[in-house]
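Structural features, examined
Residue-level listing of the chains:
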Amino acid sequence: EGNILEKPNVAADHPNVCELEAGSHYWCACGHSANGSFCDGSHKTTPFTPLKFELTETKTVAICQCKQTKTPPYCDGSHKALSELWMLTDLGAKIQ
């Protein structure tokens, strides 16, 4: 039985800006995918499922990799707060 409070793994603290072709794509929601952006089946050991999204034309997109976005699969800048938190945590560890 999975923990319903489980959080996704932060794959990166920046978006994956890439060109995607028109068609169906599956965003990795768990953060365990080898490439961080698109599902590779790694979610099978987690309570997460990938998010299918469609593009009607080839275009450049910013795919969220921190898994905190409010607009999945697209980056909304949420990684900036994580980066600041990580810097504070790293700094705090060095001070102690």
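Before reading further, recall that the structure is shown in the block above.
Residues numbered from 1 in each chain as written. Predicted model: local features only at pLDDT ≥ 70, side-chain atom pairs only at ≥ 80, totals over all residues. Heavy atoms only, no water.

What about the environment of T60?
In this fold, T60 is placed in strand β4 (residues 59-63). Filtering out sequence-adjacent residues up to four positions away, T60 remains in contact with V17, C18 and E19. (Helix = DSSP H or I, 4+ residues; strand = E, 2+ residues; numbered from the N terminus. Contact = heavy atoms within 4.5 Å.)

Quick word on unusual backbone geometry
Looking along the chain, the bond that leaves P72 and enters P73 is cis, with omega of 10°. Tracing the sequence through the fold places P73 in the loop between β4 and α1 (78-95). The phi dihedral of K67 is positive, around 70°, even though this residue is not glycine. The exposure class of K67 is buried, given its relative accessible area of 7%. (Buried < 20%, exposed > 50% of the residue type's maximum accessible area, 1.4 Å probe, protein only.)

Section: the nonpolar core
Membership of the largest hydrophobic core is limited to 12 residues, which are C18, L20, W27, A29, F38, F53, L55, V61, I63, C64, C66 and L82. Beyond its immediate stretch of four places on either side in the chain, F53 contacts L20, G23, S24, H25, Y26, W27, F38, I63, P73 and Y74. (Core = buried A, V, L, I, M, F, W, Y, C linked by side-chain atoms within 4.5 Å.)

Some thoughts on the environment of A62
Among the secondary structure elements, A62 is positioned in strand β4. A62 gets classed as partly exposed once you look at its relative accessible area, which sits at 26%. Each C-alpha atom of the pair A62 and Y74 lies 5.7 Å from the other, and the pair is 12 residues apart in sequence. When residues no more than four places from it in sequence are discounted, the contact partners of A62 are P15, N16, V17, P73, Y74 and C75.

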